[in-house]
Each structure stands twice: as C-alpha cells, then as structure tokens.
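Fold and geometry: a report
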Amino acid sequence: MTKHILLTGGGTGGHLFPLIAVAQKLRKLKTENIELFFVGSASPGIDALEREGVIINAVIAGKLRRSWRFWDIIDNGIDFLKLIFGFFQVFWRVWLIMPDVIFSKGGYGSFTIVIVGWIYRIPIIIHESDSIPGITNRLLGRLAKNIAISFIRSAGYFNKEKCALTGNPIREELSQGNAEEAKRFFQLQGGRPVLFIFGGSQGSQSINLLILKILTKIIENFEIIHQCGDKNYEEIKNASDKLLPDSLRKYYHLYPFLRDELKHVYAVCNLIISRAGASNIFEIAAVGKASILIPLPNAASNHQEFNAFDYARSGATIVLTQENLTENMFLGKIEYLATNDELRQRMESRARAFAMPDAAEKIAVKILEIIAVK
C-alpha cells in the first residue's frame with residue numbers, strides 16, 4: 001500500500017531547501033510505496049522540489065507583518081482574507097491527498113496546512129531552523145508529534161520531550177562540488193584568494209551596497225564570486241561596471257542566483273561572507289569553510305543574530321553586526337581572514353565539527369518510522 005507524505009513550508013528558499021534535502025533522503029531510503037506531496041505557498045525553489053518527484057499543490061497563504069505602519073496594516077488585512085480563503089483551499093487539498101504524515105519546515109506558508117492536518121488527526125513533525133523559533137512554529141509546535149531543532153537554544157520554546165537536536169537538513173550535492181569545475185564555469189583567473197559573497201535566495205541589498213563601497217580596494221587582492229539576488233542584479237551590475245576598470249573586471253563574477261553551481265563555489269572559495277539564516281550557516285559548516293556572518297538586523301525576533309552568535313561559539317566564524325560595521329573594519333576583517341592560513345584552517349575544522357550532516361536522514365527515518373506504525 002502506497003503511503004502519502006506531505007511536505008510543507010515556505011516563504012523563502014531557507015524553508016524549501018531543507019524540504020528538498022529531506023525529500024532526497026526519503027527517496028534514497030525508500031524507493032517504493034511512498035508518494036511525496038507539497039502543499040504550501042509558491043516560493044523560490046519550488047521547482048527544485050518538483051524535480052525530486054514531489055507533486056506540487058500551491059495554495060494561497062497570508063503573511064503576518066509585525067509592524068504598525070499604515071501600509072503594513074493594510075497588507076495584513078488583505079493577507080488575513082487570503083488566510084481565510086487559503087484555509088478552505090487547504091482543507092480540500094489535504095483531504096484529497098490524505099497523507100499518513102506531515103513534515104512542516106515552518107514559515108507562513110505552512111500555517112493552514114498544519115492546522116488542517118491536526119484537524120484530520122494526521123501525525124505532524126515540525127522542524128525549526130533558527131535559534132529563536134518563528135511565530136508560526138511556536139504556535140504549531142503544540143500540535144506536533146515531534147519537533148526537530150537545529151540549535152539547542154530553541155528547545156526552550158517548545159515541549160522539550162518532543163524535541164530532538166538534528167541540525168538543519170542540507171542537500172547532499174552541496175558537499176560534492178569540484179574546484180576545477182568552478183574555475184571553468186566562472187572563468188576564474190587564479191592566483192588570488194576567492195571570496196564568496198552569499199546573499200541567500202533573495203540577496204541582501206545592504207551587503208551588496210557595502211561590497212560596492214569597498215570593491216575597488218578589495219578587487220586588488222581577491223577574486224570575487226557575488227550572488228546578489230534577482231531583484232538587485234541590474235543595479236549592482238551597472239554600478240560595478242562603472243567602478244571597475246577593464247583590467248580588474250575579470251576578477252569580479254556577479255550572479256543574481258546560483259543553483260547547481262553553488263556546490264562548485266563552496267569547493268573553490270577561501271572565505272564566505274553571508275547573512276546568518278540557518279540554512280546558510282549549516283551549509284557553510286557542512287562544506288567546512290571559514291566565514292564572516294552579518295546578521296539581518298530586522299529579522300523576526302532578532303533570530304539571525306542569535307543564530308550567528310550561537311554558531312560563533314564554535315570558533316568557526318566571525319560575526320559583524322551591520323549597525324556597527326564600517327568600510328575599513330569590513331575590509332580589514334576580510335583581508336585578515338583570507339590571508340591568515342592558520343586561523344582560517346582552524347575555523348574550517350571547527351565548522352566541520354559543528355555541522356550535523358545527517359540531519360535530513362534523521363528526519364527521514366523518523367517520518368518512515370511513523371508511517372510504519374500506522
């Protein structure tokens with residue numbers, strides 16, 4: 001008898017990429033008698049889920065904005081109506097699928113799905129990526145049978161008897177990159193440390209603009225691969241073209257978003273500069289790279305700063321807060337880490353020690369255990 005597994009979550013790639021990792025592991029552990037479904041909002045990365053053989057059911061979802069600004073209040077009102085409509089839409093979709101278990105990655109796209117699953121008495125597993133759980137998972141944790149967490153701090157927000165420390169699921173292929181393939185694809189010039197500026201699935205305009213301010217100085221000693229985000233690409237491309245002379249432009253490789261090539265970037269880079277989303281951190285740890293983390297200052301519940309400093313305790317990264325970051329400080333830290341081989345190697349070793357690369361497998365095994373009981 002075929003068992004149905006429903007995956008949900010969404011809002012950003014940080015919610016969907018771990019779902020991809022779990023889907024991959026489920027397929028590897030059990031190649032027959034399971035069917036995978038996704039119900040949630042249409043977010044960046046959803047096409048990658050489909051490539052893993054997951055049947056996609058995109059539904060309307062509403063997002064809560066924690067602001068009293070006029071337009072945010074208006075948007076919250078509109079999204080409340082979306083939430084109501086989406087609830088009935090989800091009620092019907094879940095009934096048609098009638099899964100044996102639901103695995104939720106959190107995010108506003110998962111809210112109505114977990115509620116409906118609980119109404120149908122379907123076992124629910126929730127995964128929380130961040131040190132400080134999002135409001136969706138805080139609410140839905142009460143309905144879950146099991147809760148997987150990435151940072152031990154987040155256990156304090158849930159029933160600890162339900163919690164298991166698993167780490168954050170990452171895609172296996174990210175650790176299978178090839179430096180020579182990166183040199184070919186990006187047409188790297190060689191002879192310089194490679195710096196990877198990693199803005200996540202949506203880019204980071206503040207980091208992008210900071211890089212532009214120091215670009216003419218940093219490009220003298222480094223080769224840069226920069227993921228700037230789709231919506232920022234044209235602006236950054238035009239600005240960098242004006243800043244860089246032809247002789248140096250070949251050392252700067254700008255991309256809106258990196259998909260299959262990301263694993264090769266991880267293989268070739270010497271240092272990573274990134275926001276402090278949980279997916280970013282656990283990917284960086286899994287590939288064993290030294291990093292500088294700049295937490296998003298207005299992240300919900302300041303969770304990126306907690307993520308960053310919890311990771312920094314391992315000795316694997318340096319955290320720079322955006323509000324205190326100057327151009328000279330930023331440039332100095334980059335040059336110091338990229339050229340200090342002993343320190344960087346120590347950070348790489350501690351990154352690998354922090355990583356929990358079996359997170360996806362642990363979650364997949366638990367999902368299959370629940371199915372076997374039913």
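All figures in this text were calculated on a predicted structure; none of them were measured in a lab. Here, residues in each chain are numbered from 1, in the same order as that chain's written sequence. Totals for whole chains, interfaces and linings use all residues, but because this is a predicted model, local features are given only for residues with pLDDT of at least 70 and pairs of side-chain atoms are given and counted only at 80 or more. Each side-chain value is worked out from all heavy atoms of the structure, with water and hydrogens disregarded.

1. Quick look at unusual backbone geometry
If you check the backbone angles, Arg 121 has positive phi at about 65 degrees while not being a glycine. The helix and strand labels rest on DSSP assignments: H or I over at least four residues marks a helix, E over at least two residues marks a strand, and numbering proceeds from the N terminus. In this structure, Arg 121 sits in the loop between helix 4 (111–119) and strand 5 (124–128). Burial classification: accessible surface area is computed with a 1.4 Å probe over protein chains only, and a residue below 20% of its type maximum counts as buried, one above 50% as exposed, and the rest as partly exposed. Using a relative accessible area of 60% as the deciding quantity, one classes Arg 121 as exposed.

2. Focus on the side chain of Ser 131
For Ser 131, the location among the structural elements is in the loop between strand 5 and helix 5 (135–140). In this structure Ser 131 touches Phe 151, Arg 153, Ser 154, Tyr 157, Phe 306, Asn 307 and Asp 310, once residues within four positions along its chain are discounted. A contact between two residues is defined here by any heavy atoms of the two lying within 4.5 Å.

3. A look at the pattern of salt bridges
Salt bridge, as applied in this entry: a Lys or Arg side-chain nitrogen positioned within 4 Å of an Asp or Glu carboxyl oxygen. With the rule as written, the count across this model stands at 15 salt bridges. Residues Glu 180 and Lys 183 are paired through a salt bridge, measuring 3.3 Å at the closest nitrogen-oxygen approach. A residue pair is termed a helical-turn pair when its members lie 3 or 4 positions apart in one helix, as Glu 180 and Lys 183 do in helix 6 (residues 179–186) at 3 residues. Three or more residues are tied together by salt bridges with common partners; here these are Lys 237, Asp 241, Asp 246 and Arg 249.

4. Here we look at the packing of aromatic side chains
Pairing of aromatic side chains here covers Phe, Tyr and the six-membered ring of Trp, requires ring centres within 6.5 Å, and sorts the geometry by plane angle: under 30 degrees stacked, over 60 edge-to-face, intermediate tilted. Scanning the entire structure with this criterion turns up 14 aromatic pairs. Measuring from centroid to centroid gives 5.4 Å for Phe 151 and Phe 282, while their planes differ by 65 degrees, and the two rings are edge-to-face. With Phe 151 in the loop between strand 6 (146–149) and strand 7 (163–165) and Phe 282 in helix 11 (residues 278–286), this residue pair connects regions lying 131 residues apart in the sequence. Exposure remark for Phe 151: the relative accessible area of 4% places this residue in the buried category. Between Tyr 311 and Phe 354, the aromatic rings sit 4.8 Å apart at their centres with planes inclined by 65 degrees, giving edge-to-face as the arrangement. Linking Tyr 311 in helix 12 (residues 303–312) with Phe 354 in helix 14 (residues 341–354), this pair joins segments that are 43 residues apart in sequence.

5. Some points on the nonpolar core
Grouped together as the largest cluster of nonpolar side chains are 34 residues, with contacts concentrated most on Ile 218, Ile 224, Phe 330 and Ile 334. Of all elements in the fold, only strand 8 (194–198), helix 7 (205–218), strand 10 (252–255), strand 11 (271–274), helix 13 (327–339) and helix 14 reach the threshold of two or more residues within this core. Considering each element in turn, this core owes the most residues, 7 residues, to helix 7. Once residues lying within four places of it in the same chain are set aside, the contact partners of Ile 224 are Leu 195, Ile 197, Leu 215, Ile 218, Ile 219, Tyr 251, Tyr 252 and His 253. To qualify as a nonpolar core, a set must consist of buried Ala, Val, Leu, Ile, Met, Phe, Trp, Tyr and Cys residues joined through side-chain atoms within 4.5 Å. Counting residues in hydrophobic clusters, the runner-up holds 32 residues, among them Ile 170, Val 194, Val 268 and Leu 293.

6. Notes on the packing of helix 11 against helix 12
Every axis corresponds to a line fitted to the C-alpha atoms, with the helix fit spanning only the stretch in contact, and the corresponding angles, defined between N-to-C directions, vary from 0 to 180 degrees. Viewed as axis vectors pointing N to C, helix 11 and helix 12 meet at an angle of 20 degrees, and their least axial separation amounts to 10 Å. Here helix 11 lies roughly parallel to helix 12, going by the angle between them. As for how helix 11 packs across helix 12, the hand of that crossing is right-handed. Where helix 11 abuts helix 12, its residues Ala 278, Ile 281, Ile 284 and Ala 285 lie against Asn 307, Ala 308 and Tyr 311. Any residue outside Ala, Val, Leu, Ile, Met, Phe, Trp, Tyr, Cys, Pro, Asp, Glu, Lys and Arg is labelled polar, Gly included; the first ten of those are nonpolar and the last four are charged. Residues of the contact of helix 11 with helix 12, tallied by class, amount to 6 nonpolar, 1 polar and no charged. Any angle between 65 and 115 degrees counts as roughly perpendicular, while under 35 counts as roughly parallel, over 145 as roughly antiparallel, and the rest as oblique. What makes a crossing left-handed is the near helix being turned counterclockwise from the far one by less than a right angle; a clockwise turn instead makes it right-handed.

7. Observations regarding the pairing of strand 4 (residues 101–104)
Side chains Val 101 and Phe 103 project from strand 4 onto one buried face, and the interleaved Ile 102 and Ser 104 project onto a second face that is buried too. Bridge count for strand 1 (residues 3–8) against strand 4 is 4 bridges, and the pairing is parallel. Looking at strand 4, one finds that Ile 5 is bridged to Val 101. Here 3 bridges tie strand 4 to strand 5, and the two strands are oriented parallel to one another. Paired with Phe 103 across the strands is Ile 125, a residue of strand 5. Crossover handedness is defined by viewing with both strands directed away from the observer: a clockwise path from the first strand over the helix to the second marks the crossover as right-handed. Following the backbone out of strand 4, through helix 4 and into the adjacent parallel strand 5, one traces a crossover that is right-handed. Paired strands are those between which DSSP finds at least two bridges.

8. A look at the sheet that holds strand 13 (residues 317–319)
The 6 strands are arranged 10-9-8-11-12-13 in an open sheet whose pairing can be described as parallel. Strands with a single pairing partner mark the edges of an open sheet, and in this sheet they are strand 10 and strand 13. Taking each pair of neighbouring strands and ignoring which way they run, the sheet shows an average axis angle of 15 degrees. Pairing of strand 8 with strand 11, which is carried by 4 bridges, proceeds in the parallel orientation. The residue of strand 11 that forms the bridge with Phe 196 is Ile 272. Each of strand 9 (223–227) and strand 10 is contacted by helix 8 (residues 233–243), which is oriented at about 160 degrees to strand 10, the strand it contacts most. Where helix 12 meets the sheet, it contacts strand 12 (291–293) and strand 13, and its direction lies at approximately 140 degrees from that of strand 13.

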